[in-house]
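A closer look at the structure
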Amino acid sequence: MKDQTIIVETIVNATIKSVWKALTVPEKMKNWYFTVNNFELRERNEFYFYEPNGTNFKHVCRIIDIVPEKRIRYSWSYPEYSKGVSIVSWQLAAQDGKTLVRLKHSGIENFMDAGSDLSRENFVAGWEEIVKKSLPGYLANQS
């Protein structure tokens, strides 16, 4: 099976501390990402959310590891639609007074049993919107 890993990067005009909070504080996450249920910033914590666009795909995630203000990784699955599990990783790095945000989503090929709704193309479009538009737009309004 071909690796379908997605990597999306952007540089935001915000401190690592601000970006980290946007990635890990549910009250902030809902403004640019999703309304996340049961999120606690601790390893093995399981949380879930639904997309606001009307699809009823329940996203179930479990935190794998946390390196404060550097990386958070979690599993990403749709237990009601697929047996597959993927991994989402957010990495942060300082870059000339700004923050490099790197999103990596691996294991998308594991969702082939769910049909075209969970295609790589749909994930690419979603992550491009989230990483390059929603997150920077949210952070720009936080100053």
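These numbers were taken from a predicted model, which means no experiment stands behind them. (Residues numbered from 1 in each chain as written. Predicted model: local features only at pLDDT ≥ 70, side-chain atom pairs only at ≥ 80, totals over all residues. Heavy atoms only, no water.)

Our next topic: the sheet that holds strand S1 (residues 6-12). An order of S1-S6-S5-S4-S3-S2 is seen for the six strands of this open sheet, with the pairing classed as antiparallel. Two strands close off the open sheet at either side, each with one partner strand: S1 and strand S2 (46-50). Going across the sheet, the axis of each strand differs from the next one's by a mean of 25°, ignoring polarity. Across the face of the sheet, helix H1 (residues 16-24) comes into contact with S1, strand S3 (58-67), strand S4 (71-77), strand S5 (85-95) and strand S6 (98-106) while running at roughly 160° to S5. Taken strand by strand, helix H3 (residues 120-140) contacts S1, S4, S5 and S6, and its axis lies near 15° from that of S1. (Pairing = 2+ DSSP bridges. Helix = DSSP H or I, 4+ residues; strand = E, 2+ residues; numbered from the N terminus. Axes fitted to C-alpha atoms, helices over the stretch in contact; angles between N-to-C directions. Contact = heavy atoms within 4.5 Å.)

Another aspect to go through is H3. Given a rise of 1.5 Å per residue, 21 residues ought to cover 30 Å, and the 29 Å separating the end C-alpha atoms of H3 matches this to within 8%. Of all the bends in H3, the largest measures some 35° and sits at Ile 130. Taken together, the buried positions of H3 are occupied by Phe 123, Trp 127, Ile 130, Val 131, Leu 135, Tyr 138 and Leu 139. Buried residues along H3 sit against S1, H1, helix H2 (26-29), S4, S5 and S6. (Expected span 1.5 Å × (residues − 1). Bend = angle between axes of the 7 residues up to and from the residue. Buried < 20%, exposed > 50% of the residue type's maximum accessible area, 1.4 Å probe, protein only.)

Before going further, it helps to examine the environment of Glu 9. Its place among the elements puts Glu 9 in strand S1. Residue classification places Glu 9 among the partly exposed residues on the basis of a relative accessible area of 39%. What Glu 9 contacts, discounting residues up to four positions off in sequence, is Leu 100, Val 101, Arg 102 and Lys 132. Side-chain polar atoms of Glu 9 contact the side chain of Arg 102, separated by 3.1 Å. (Polar contact = N/O pair within 3.5 Å; in protein donor to acceptor, adjacent residues only side chain to side chain.)

Our next topic: the packing of H1 against H3. Look at H1 against H3: their axes get within 11 Å of each other, and the N-to-C directions meet at 120°. Taken together, H1 and H3 sit at an angle that is classed as oblique. For the element pair H1 and H3, the recorded crossing hand is right-handed. Facing Ser 18, Val 19 and Ala 22 of H1, the residues of H3 in contact are Leu 135, Tyr 138 and Leu 139. The residue inventory of the contact of H1 with H3, partitioned by class, reads five nonpolar, one polar and no charged. (Parallel < 35°, antiparallel > 145°, perpendicular 65-115°, else oblique. Left-handed = near helix turned anticlockwise from the far one by under 90°. Nonpolar A, V, L, I, M, F, W, Y, C, P; charged D, E, K, R; others polar.)

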